Amino acid sequence: MGVCEICGRIGEVRDAVVEGAMVQVCSRCSKHGNVVFIPKPVALERKKEVESFEYIDVIVDNYSSLIKDGREKKGLNHEELAKAIAEKESVISQVEAGNMKPNFKLAKKLAVFLNIELIENVESSKEGYKNINFKDSSLTIGDLLKKE
Ligand SMILES: [Zn+2]
């Protein structure tokens, strides 16, 4: 038993990371896509239903330049980066050239190793994907709950 730090309900709570902060949340609040439980690893290919919303993870559009910049910041060449994350050099070249979109497994490895963000959580709707920036401090989980 505990108090949910998001909605204030008293009941079963779980440790979670929300927007970079460690909090305790109830099962209702935990259904939001930007809640990450500890110690479970981030499920990159998860799909979450949030009332009428659906959030899905996608690879960012500018993945190629992010990876290239991240690699150069580390002072690595294609071969060294490939070895470091156990991939083929040709894969790194193709991804950086924008010819090949990394799958989630590769994107996660690159993101962790290069300390970059390659995966974003977007709202999926009938009109297509709509970006939601969870880092925007003006948008809180409370705001998301109010949406219909
Ligand atoms: Zn709650």
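To be clear, the structure that these remarks concern was listed above.
Quick caveat, the model's predicted, so the values are computed rather than measured.

Things to note about the coordination of the zinc ion
Donor atoms from the polypeptide that bind the zinc ion are Cys4 (SG), Cys7 (SG), Cys26 (SG) and Cys29 (SG), placed at 2.3 Å. Geometry at the zinc ion is tetrahedral, judged from the four donor atoms that bind it and their angles of 108 to 112° at the metal. Mapping the donors of the zinc ion onto the primary sequence yields the spacing C-x2-C-x18-C-x2-C. Note that Cys7 is positioned in the loop between strand 1 (2-3) and strand 2 (10-11) and Cys26 in strand 4 (residues 21-26), a separation of 19 residues in sequence. By relative accessible area, which is 33% here, Cys7 ends up partly exposed. The class for Cys26 is buried, based on a relative accessible area of 5%.

Regarding the side chain of Glu96
Assignment of secondary structure puts Glu96 in helix 3 (residues 89-96). For Glu96, a relative accessible area of 10% corresponds to the buried category. A distance of 2.9 Å separates polar atoms of two side chains, one belonging to Glu96 and the other to His78.

So, helix 3
Looking at helix 3, one finds that the buried residues are Val91, Ile92, Val95 and Glu96. Along the axis of helix 3, the buried residues cluster in a sector spanning 125°; they form a single face. Residues of helix 3 that are buried in the fold lie against helix 1 (63-73), helix 2 (78-84) and helix 4 (104-114). One or two steps after helix 3, the chain reaches Gly98, where phi turns positive at roughly 80°.

Some details on a nonpolar patch on the surface
Taken together, the side chains of Met1, Val3 and Ile10 present a nonpolar region at the surface, about 380 Å² in accessible area. Within the secondary structure, Ile10 is located in strand 2. Its relative accessible area of 68% is what places Ile10 among the exposed residues.

Thoughts on unusual backbone geometry
For Ala86, which is not glycine, the phi torsion reads 55° and is therefore positive. Mapped onto the elements, Ala86 comes out in the loop between helix 2 and helix 3.

A word on the packing of aromatic side chains
This structure, assessed with the given rule, holds zero aromatic pairs. Across the ring face of Phe113, the terminal group of Lys74 is positioned such that the distance to the ring centre comes to 4.8 Å.

Regarding helix 4
Side chains that are three or four residues apart share a direction in an α-helix, a result of its 3.6 residues per turn. When we look at burial in helix 4, the residues that qualify are Phe104, Leu106, Ala107, Leu110, Ala111 and Leu114. Projection of helix 4 onto a plane perpendicular to its axis shows the buried side chains occupying an angular sector of 160°, all on one side. Seen from the open side of helix 4, the exposed residues pointing more than 90 degrees away from its buried face are Lys105 and Val112. In the segment just after helix 4, Asn115 is the residue with positive phi, at about 60°.

Analysis parameters
- Residues numbered from 1 in each chain as written.
- Predicted model: local features only at pLDDT ≥ 70, side-chain atom pairs only at ≥ 80, totals over all residues.
- Heavy atoms only, no water.
- Donors = N, O, S within 2.8 Å, 3.2 Å for Na, K, Ca; no water.
- Tetrahedral: all angles 85-135°; square planar, octahedral: opposite > 155°, others 65-115°.
- Helix = DSSP H or I, 4+ residues; strand = E, 2+ residues; numbered from the N terminus.
- Buried < 20%, exposed > 50% of the residue type's maximum accessible area, 1.4 Å probe, protein only.
- Polar contact = N/O pair within 3.5 Å; in protein donor to acceptor, adjacent residues only side chain to side chain.
- Arc of directions from axis to C-beta.
- Contact = heavy atoms within 4.5 Å.
- Patch = residues over 30% accessible without salt bridge, like charges linked within 9 Å, V, L, I, M, F, W, Y side chains within 5 Å.
- Areas by Shrake-Rupley, 256 points an atom, 1.4 Å probe, with all protein chains shown as cover.
- Salt bridge = Lys/Arg side-chain N within 4 Å of Asp/Glu carboxyl O.
- Phe/Tyr/Trp six-rings, centres within 6.5 Å; stacked < 30°, edge-to-face > 60°.
- Lys NZ or Arg CZ within 6 Å of the ring centre and 35° of its normal.

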